[in-house]
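Secondary and tertiary structure notes
One-letter residues, chain by chain:
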Amino acid sequence: YWAQKSHLDLERNRKEQTRTIDRANRKIEREIKNLGRQEAKQLKEIKTLAGKGQHGPAKIVAKSVATTRKHTANLYNMSANLKSVSMQLSASGTQM
């Protein structure tokens, strides 16, 4: 009886952790999409500024685009790490 209860507790804990990881991963994916939209707006702004001959402000926005891309790359790495942990959890669940 106790061994079965312990097994159920472990299974419930694993499912809860998997849900938490998946929730965090969805949040990261939303943030990546938002950064992509922001980058598109910034690129459009750079084109309009460059068309008007305002190269100083265009350079400032271009630096912002570079920062946005770095953040996006970091978010992709975090997402990959979370997916890896999630797969490890699911694999450990099948071994129980």
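Just above sits the structure.
So, how was this worked out
- Per chain, residue numbering runs from 1 following the sequence as it is written.
- pLDDT decides what is reported in this predicted model: residues at 70 or higher carry local features, side-chain atom pairs at 80 or more are listed and counted, and totals for whole chains, interfaces and linings draw on all residues regardless.
- To get the side-chain values, all heavy atoms of the structure are used, and hydrogens and water are removed first.
- Numbered from the N terminus, helices here are DSSP runs of H or I no shorter than four residues, and strands are runs of E no shorter than two.
- Our radius of gyration is a C-alpha quantity, and the globule rule it is checked against amounts to 2.2 Å times the number of residues to the power 0.38.
- Only protein chains enter the accessibility calculation, which uses a 1.4 Å probe; a residue is then buried when its area is under 20% of its type maximum, exposed when over 50%, and partly exposed in between.
- Whether two residues touch is decided by their heavy atoms; if any such pair falls within 4.5 Å, the residues are in contact.
- Surface exposure here means Shrake-Rupley accessible area, sampled with a 1.4 Å probe, where a residue is shielded only by the protein chains that are shown.
- A residue counts as positive if it is Lys or Arg and as negative if it is Asp or Glu; His and the chain ends are not included.
- Here the site of a charge means atom NZ of a Lys, CZ of an Arg, CG of an Asp or CD of a Glu.
- By nonpolar core we mean a set of buried residues, namely Ala, Val, Leu, Ile, Met, Phe, Trp, Tyr and Cys, connected to one another through side-chain atoms within 4.5 Å.

So, on to the overall build of the protein. Scanning the protein from N- to C-terminus turns up 2 helices and 0 strands. On C-alpha atoms alone, the protein measures out to a radius of gyration of 22 Å, which is more than a quarter above the 12 Å that the 2.2 N^0.38 rule sets for 96 residues. Counting every position in the protein, which comprises 96 residues, the buried fraction comes to 23%. Counted over contacts in the protein with a minimum sequence separation of 6, partners at least 24 positions apart contribute 75%. For the protein, the computed accessible surface area is about 7,400 Å², with 56% contributed by carbon and sulfur atoms. A gap of 7 Å separates the mean positions of the 20 positive and 8 negative side-chain charges of the protein.

Let us look at the nonpolar core. Formed by I46, L49, A58, V61 and V65, the largest nonpolar core amounts to 5 residues. At the level of elements, α1 (2–51) and α2 (55–95) are the ones that each hand at least two residues to this core. Counting residues per element, this core draws most heavily on α2, which supplies 3 residues. For A58, the residues in contact, after removing those within four places along its chain, are I46, L49 and A50.

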